[in-house]
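Overview (structure and organization)
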Amino acid sequence: MAPQKICIVGSGNWGSAIAKIVGNNALAKPDQFDPDVSMWVFEEQINGHKLTHIINTQHENVKYLKGIKLPDRVVAIPDVVDASRGADILVFVLPHQFVHGVCEKLKGNIKPTAVAVTLIKTLKIPCCKDTQLGQHLKAVFQTSYFRIVVVEDETTVEVCGALKNIVATAAGFTDGLGYGDNTKAAVIRLGLMEMIKFCEIFYPGSSLSTFFESCGIADLITTCYGGRNRRVAEAFVKTGKSIEQLEKEMLDGQKLQGPPTAFEVNYMLKARDMEERFPLFTAVHRICTGVIPVQEMVQCLKNHPEHM
Ligand SMILES: NC(=O)c1ccc[n+]([C@@H]2O[C@H](COP(=O)([O-])OP(=O)(O)OC[C@H]3O[C@@H](n4cnc5c(N)ncnc54)[C@H](O)[C@@H]3O)[C@@H](O)[C@H]2O)c1
């Protein structure tokens, strides 16, 4: 097989981190991959200079991943059609609210044999489900410090990644309210139970063991302690500012995933009259949209059906 060309569609915090990994792997495996990796960058001006120009000259995404050098052969391109031209592997890594618009532009403009991998945390982006291809794609991402496990239950992996951001938002609310580690542990436990139940109902066939992979419990704990969703939710309680305002003030262009995912999940729950069966997911959505005060978060934990 001829070396495959990789395009990274996105260049935020995670997009830039993965560009470093993918760029180095492409360089190290020239028999498998074209060493020139293209990266689509949503163009912005930084101190009067184009972000693409800065990345291509300084080899650093100074806005979204400051202080980390990208491989020289990762090339930033502002037009997504140009960036993906001729690519065999498209790595999607952008906030999910922009995926639809980007895919509209790509329609009819990519290689018919191209495969897509998503690193996006959301509920509804169907991608390649071929296990053999999974092993091949592992070579794109695996390093000595970034380990990849190929699992067949890809839907659960994706759904875990999306739902944990709702749980992290709940954890941030309880942090902001001044509760301690036991309350956060309760949020994580009940959140995990709702994640499992949600998968059982909406994505039947998911395997319980997937929740014990890195994408499940491990990612959930990390996000409930360290992520941006937790941080902004805590500030929401402490400052009384809106989520939108805090996202602008605190994240410098990075995007929050918890509140929009809570909105999408609520839409699915409402359609099946199931809001009350998922009190934590429902409370996060209602708090984010101003329907209930944040103090009701703790009430929701106390009255959770799992505690009855
Ligand atoms: N950051 C992480 O640690 C991490 C880890 C795993 C998965 N993810 C997931 O990866 C995805 C991408 O996150 P990220 O951290 O790379 O992004 P980010 O939130 O750091 O950055 C936002 C990105 O959106 C771009 N953008 C802004 N306005 C846009 C528009 N109108 N159209 C298109 N793009 C626009 C910005 O240029 C920037 O690249 C998300 O789904 C996230 O949940 C992130």
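Note on numbering: residues in each chain are counted from 1, in written sequence order. Owing to the predicted nature of the model, reporting of local features is limited to residues with pLDDT of at least 70; listing and counting of side-chain atom pairs is limited to 80 or more, with chain, interface and lining totals taken over all residues. Only hydrogens and water are set aside when side-chain values are computed; all heavy atoms of the structure are taken into account.

A few words now on the packing of aromatic side chains. Classification of ring pairs uses Phe, Tyr and Trp, with its six-membered ring standing for Trp, and accepts pairs whose centres are within 6.5 Å; under 30 degrees between planes counts as stacked, over 60 as edge-to-face, and the remaining range as tilted. Within this structure, the stated rule accounts for 7 aromatic pairs. Here Phe173 and Phe236 contribute two aromatic rings whose centre-to-centre distance is 5.5 Å and whose plane-to-plane angle is 50°, an arrangement assigned as tilted. Highlighted residues: Phe173 in helix H6 (residues 154-176) and Phe236 in helix H9 (residues 228-239), separated in sequence by 63 residues. The class for Phe236 is buried, based on a relative accessible area of 17%. Connected via pairs of aromatic rings, a cluster forms that spans Phe198, Phe202, Tyr203, Phe278 and Phe281. The ring of Tyr225 has Lys184 lying over it, and the distance from NZ or CZ to the ring centre is 4.2 Å. Two limits define a charge over a ring: the Lys NZ or Arg CZ must be within 6 Å of the ring centre, and within 35 degrees of the ring normal. Looking at Lys197, its charged tip hangs above the ring of Phe278, at a distance of 4.9 Å from the centre. Comment: elements are numbered from the N terminus, with helices defined as DSSP H or I runs of at least four residues and strands as E runs of at least two. Each residue's exposure class comes from its accessible area (1.4 Å probe, protein chains only) as a fraction of the maximum for that residue type: buried when under 20%, exposed when over 50%, partly exposed otherwise.

A word on the UniProt feature "domain: Glycerol-3-phosphate dehydrogenase NAD-dependent N-terminal" (unreviewed entry) in the protein chain. In this structure's numbering, the residues bearing the UniProt feature "domain: Glycerol-3-phosphate dehydrogenase NAD-dependent N-terminal" (unreviewed entry) are residues 5-124. Split by type, residues 5-124 is 31% helix and 20% strand. Its first and last C-alpha atoms lie 26 Å apart. UniProt positions are given in the numbering used here, feature names are shortened, and annotations may be inferred rather than shown by experiment.

Take the sheet that holds strand S7 (residues 115-118) next. Here the rule is simple: two strands pair whenever DSSP picks up at least two bridges between them. Ordered in space as S5-S2-S1-S6-S7, the 5 strands form an open sheet in which the pairing is parallel. Edge positions in the sheet fall to strand S5 (74-77) and S7, since each of these pairs with one other strand and no more. Direction aside, neighbouring strands of the sheet carry axes that sit 25° apart on average. Taken together, the 3 bridges between strand S1 (residues 6-9) and strand S2 (residues 37-40) define a ladder with parallel strand orientation. Each axis is a line fitted through C-alpha atoms, taken for helices only over the stretch in contact, and angles between the N-to-C directions span 0 to 180 degrees.

Even without glycine at this site, His59 takes up a positive phi of about 55°. Within the fold, His59 resides in the loop between helix H2 (51-58) and S5. Positioned with a positive phi, Asp252 is a non-glycine residue whose angle comes to about 45°. Locating Asp252 in the fold gives a position in the loop between helix H10 (243-251) and helix H11 (258-271).

With that settled, the discussion passes to H2. Here H2 has its buried residues at Leu51, Thr52, Ile54 and Ile55. Looking straight down H2, one finds its buried side chains confined to an arc of 165°; they lie on one side. Buried residues along H2 sit against S2, strand S3 (45-46), strand S4 (49-50) and S5. One or two positions beyond H2, positive phi appears at His59, with a value near 55°. The reported arc concerns the directions from the helix axis to the C-beta atoms and nothing else. We call two residues contacting when some pair of their heavy atoms lies within 4.5 Å.

As a further point, take the site of the ligand. A molecule or strand has a residue near it when one of that residue's heavy atoms lies within 4 Å. Taken together, 21 residues lie around the ligand, and Asn13, Trp14, Gly15, Arg228 and Lys255 are the ones closest in. For this analysis, a polar contact is any N or O atom pair within 3.5 Å, provided that within protein one partner can donate a hydrogen and the other can accept it, and provided that sequence-adjacent residues contribute only side-chain to side-chain pairs. Separating an oxygen atom of the ligand from a backbone N or O atom of Gly12 is a distance of 3.1 Å. One of the backbone nitrogen or oxygen atoms of Trp14 is found 2.9 Å away from an oxygen atom of the ligand. In short, Shrake-Rupley with a 1.4 Å probe defines the accessible areas, and a residue's cover is counted only from the protein chains shown. Look at the ligand: alone it shows 840 Å² of surface, and the protein chains cover 83% of it. Where each domain begins and ends follows an automated or database-derived domain assignment. When residues of the shell around the ligand are assigned to domains, at least three map to each of domain 1 (6-141) and domain 2 (154-302).

Relative to the assigned elements, Gln142 resides in the loop between helix H5 (131-141) and H6. For Gln142, a relative accessible area of 18% corresponds to the buried category. Not counting residues up to four positions away in its chain, the partners in contact with Gln142 are Asn25, Lys29, Arg147 and Ile148.

Further remarks concern the domain arrangement of the protein chain. Taken domain by domain, the protein chain consists of domain 1 (6-141) and domain 2 (154-302). In this structure, domain 1 and domain 2 have C-alpha centres spaced 28 Å apart. In short, buried area is how much 1.4 Å probe accessible area vanishes from two parts on joining, totalled over both. Between domain 1 and domain 2 lies a buried interface of about 1400 Å² when both sides are counted; carbon and sulfur atoms form 49% of it. Interface area lost by domain 1 to domain 2 is led by His96, Lys121 and Leu123, which between them contribute 45%. Every case where a carboxyl oxygen of Asp or Glu lies within 4 Å of a side-chain nitrogen of Lys or Arg is listed as a salt bridge. A salt bridge links Asp219 to Lys121, with the nearest nitrogen and oxygen atoms 3.0 Å apart.

With that out of the way, let us pick up the UniProt feature "domain: Glycerol-3-phosphate dehydrogenase NAD-dependent C-terminal" (unreviewed entry) in the protein chain. Taking the UniProt record as the reference, the feature "domain: Glycerol-3-phosphate dehydrogenase NAD-dependent C-terminal" (unreviewed entry) is found at residues 153-299. Here residues 153-299 is 73% helix and 0% strand, with 34 Å between the C-alpha atoms at its ends.

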